[in-house]
Amino acid sequence: MNIPFLSFTPQNDLIEDEIRSAFERVFQNKWYILGKEVTNFEQAYAQYNQVRHCIGVANGLDALHIALKTIGISEGDEVITPSNTFIATWLAISQTGATIVPVEPDPETYNIDVSRLEAAITPKTKVIMPVHLYGQACQMEAIMQIANQHNLFVIEDNAQAQGCTYNGKLTGSFGNINATSFYPTKNLGAYGDAGALTTNDSGLAKKASLIRNYGSERKYYNDVIGINSRLDELQAAFLSVKLKFLDGWLNERKQIASVYTKRLGGISELTLPVTAPGADHVYHLYVVRTSKRDALEQYLNGKNIGTGIHYPVAPHLQKAYQYLNHQKGDFPIAEKLAETCLSLPLNPGMTEEELMYVCDAIRRFYE
């Protein structure tokens, strides 16, 4: 049996006819940038995410960067963000010239530890940027309470958690302005790069729309210094098709995760995902932890079972951030996660036979 870590085949088979129709519609419309496909998707995604506004952009990193620019973050400001996350979260802050203030995660949920937030706040702090890592919602009510007490903005990085909730409220709807990615591997993925911002603030929505389009609302008239980062018509049309299937795919992810949790429970050397009270988990990734990570990965790959490591190097130890002078040991929880985490294959359309094959292989490794 050959089980890839990532497979688009079942999803593509399900929606192929609609995707081809969407392509044909865009092709025949002969309008490819900021047209009705983008407008229609923005309206549909805003409605899905239960916010007033969605602004489509070119990718998730740009979404984070534009969110920061929209609220005026620049050199001298501080932004609190997790010590363990995909590098884009840090890069977006760097692009503004602001200072990255890493906060360690909860060692059980891997999301930013809210009990450490207030100690990281200084007079220069302007933003808390939580990341709903692997598809689990952060403790957003506590984060918003702390932010409100200290007059801080909140920008959610919702790239891995579309459709997730905290106490019944959707991630991507708590913060002042929030960012998501539609990279193909995401739970809602385009067929190329794409991203979006979500907000209930009309003023922020208008400014973000200007920034993504050269700072211009009217062609050749530029109100602010902007960038070129626009969701294109073709990806918007594809995303509109896939959005209708998202909840079904999320339910499949949860079902697959529940099989893993049931079948892998009781292995003392294997730490399974833990969901915090009030938090939903939509399992963008099913991440286990083990001190034998590299050996387990090699063993599973030898059994034709694909795996992933998200992420092998904590951001503060990346070569790109050597100038910050962080040392190994500065953020030990993030470092430990990087050394021990392993993502198992989790794709809508996986069969029970495939799941049993993965679980049996892991059990045999530990036996």
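None of the values given here were measured: they were computed from a predicted structure.

The buried fraction of helix H3 (residues 60-70) is high, at nine of eleven residues. Looking one or two residues beyond H3, the residue adopting positive phi is Gly72, at roughly 85 degrees.

The subject of this paragraph is the side chain of Thr290. Along the chain, Thr290 falls in the loop between strand E12 (286-289) and helix H10 (293-302). A polar contact is formed between the side chain of Thr290 and the backbone nitrogen of Lys292, at a distance of 3.1 Å. In this structure the side chain of Thr290 is engaged in a polar contact, spanning 2.7 Å, whose partner is the side chain of Tyr366. If near-sequence neighbours (up to four positions away) are discounted, Thr290 is found in contact with Glu269, Leu270, Leu296, Thr340 and Tyr366.

It is worth spelling out the nonpolar core at this point. Formed by 43 residues in total, the largest nonpolar core has its most connected members in Ile143 and Phe182. Among the secondary structure elements, those contributing two or more residues to this core are helix H2 (36-48), strand E3 (99-103), helix H5 (117-120), helix H6 (140-149), helix H8 (233-243) and helix H9 (246-264). Setting aside residues up to four positions removed in sequence, Ile143 forms contacts with Ile112, Val114, Leu117, Ile128, Pro130, Cys138 and Val154. The next biggest cluster of nonpolar side chains, apart from the first, holds 26 residues, and it includes Leu64, Ala92, Met129 and Ile177.

Right, let's talk about a nonpolar patch on the surface for a bit. Taken together, the side chains of Phe23, Phe27, Tyr32 and Ile33 define a hydrophobic patch exposed on the protein surface, amounting to about 390 Å² of accessible area. Overall, Phe23 belongs to the partly exposed group, its relative accessible area being 39%.

Quick look at the side chain of Glu42 now. Residue placement: Glu42 occurs in helix H2. Note on Glu42: relative accessible area 11%, which makes it buried. A distance of 2.8 Å separates the side chain of Glu42 from the backbone nitrogen of Gly56, its partner in a polar contact. One polar contact links Glu42 to Arg212, side chain to side chain, over a distance of 2.8 Å.

Below, the discussion takes up the sheet that holds strand E1 (residues 53-57). Strands sit in the order E1-E9-E8 across an open sheet of three strands; the sheet is antiparallel. Each edge of the open sheet carries a strand with a single partner, namely E1 and strand E8 (178-181). Adjacent strand axes in the sheet meet at a mean angle of 25 degrees, parallel and antiparallel pairs treated alike. Direction of pairing for E1 relative to strand E9 (residues 195-199): antiparallel, over a ladder of five bridges. In the strand pairing of E9, Gly56 is matched with Ala196.

Another aspect to go through is the packing of aromatic side chains. Under the defined criterion, the tally for this structure stands at 15 aromatic pairs. Considering the side-chain rings of Trp90 and Tyr321, the 5.3 Å spacing of their centres and the 70 degrees angle between planes classify their relative orientation as edge-to-face. Here Trp90, found in helix H4 (residues 87-96), pairs with Tyr321, found in the loop between H10 and helix H11 (332-340); they are 231 residues apart in sequence, far enough to count as distant. Across the pair, Tyr321 and Trp90 agree in class, each one buried. Grouped by ring-pair contacts, the aromatic residues Phe41, Tyr45, Tyr48 and Phe182 constitute a single cluster. Here the guanidinium or amino end of Arg218 rests over the ring plane of Tyr221, the centre of that ring lying 4.1 Å away.

One can find Ala276 in the loop between H9 and E12. For the pair formed by Ala276 and Tyr166, sequence separation is 110 residues and the distance between their alpha carbons is 9.6 Å. For Ala276, the residues in contact, after removing those within four places along its chain, are Thr109 and Gln136.

This part takes up the pattern of salt bridges. Enumeration according to the criterion identifies eleven salt bridges in this entry. As a salt-bridge pair, Lys254 and Asp280 come within 3.1 Å of each other at their nearest N and O atoms. Taken together, the positions of Lys254 in helix H9 and Asp280 in the loop between H9 and E12 put the pair 26 residues apart, joining distant regions of the chain. Here Lys254 falls in the partly exposed class, since its relative accessible area comes to 30%. Bridged by salt links that share partners, the residues Lys328, Glu335 and Glu339 form one connected network.

Next up on the list: unusual backbone geometry. Looking along the chain, the bond that leaves His310 and enters Tyr311 is cis, with omega of 15 degrees. You can see Tyr311 is positioned in the loop between H10 and H11. Positive phi, normally seen in glycine, also occurs at Tyr220, with a value near 75 degrees. Although it is not a glycine, Tyr283 adopts a positive phi angle of roughly 50 degrees. Tracing the sequence through the fold places Tyr283 in the loop between H9 and E12. The buried category is assigned to Tyr283, whose relative accessible area is 11%.

Reading guide: rules and limits
- Along every chain, residues carry numbers that run from 1 in the direction the sequence is written.
- Per-residue local features are limited, in this predicted model, to residues with pLDDT of at least 70; the limit for side-chain atom pairs, both in listing and counting, is 80 or more; totals at the level of whole chains, interfaces and linings are taken over all residues.
- Just so you know, side-chain values use all the structure's heavy atoms and leave hydrogens and water out.
- When a residue's accessible area, from a 1.4 Å probe over protein chains only, is under 20% of the maximum for its type it is buried; when over 50% it is exposed; and in between it is partly exposed.
- Each helix is a run of DSSP H or I of at least 4 residues and each strand a run of E of at least 2, with the numbering of both proceeding from the N terminus.
- Each polar contact in these results corresponds to two N or O atoms within 3.5 Å; when the atoms are within protein, one needs to be able to donate a hydrogen and the other to accept it, and residues that are neighboring in sequence are counted only if both atoms are side-chain atoms.
- Two residues form a contact once any of their heavy atoms are found within 4.5 Å.
- Among buried residues, those of type Ala, Val, Leu, Ile, Met, Phe, Trp, Tyr and Cys that are joined through side-chain atoms within 4.5 Å constitute a nonpolar core.
- Residues enter patches when they are more than 30% accessible in relative terms and free of salt bridges; like-charged ones are connected within 9 Å and nonpolar ones (Val, Leu, Ile, Met, Phe, Trp, Tyr) within 5 Å.
- Per-residue accessibility takes into account occlusion by the displayed protein chains alone, with areas from the Shrake-Rupley method and a 1.4 Å probe.
- A carboxyl oxygen of Asp or Glu within 4 Å of a side-chain nitrogen of Lys or Arg is what we treat as a salt bridge.
- For two strands to pair, DSSP has to find at least two bridges joining them.
- An axis is simply a line fitted to the C-alpha atoms; with a helix, the fit covers only the stretch in contact. Between two such axes, the angle follows the N-to-C directions and lies from 0 to 180 degrees.
- Each pair of aromatic rings taken from Phe, Tyr and Trp, with Trp reduced to its six-membered ring, is defined by centres within 6.5 Å and is described as stacked if the planes are under 30 degrees apart, edge-to-face if over 60, and tilted in the remaining cases.
- We count a charge as sitting over a ring when the NZ of a lysine or the CZ of an arginine lies within 6 Å of the ring centre and within 35 degrees of the ring normal.

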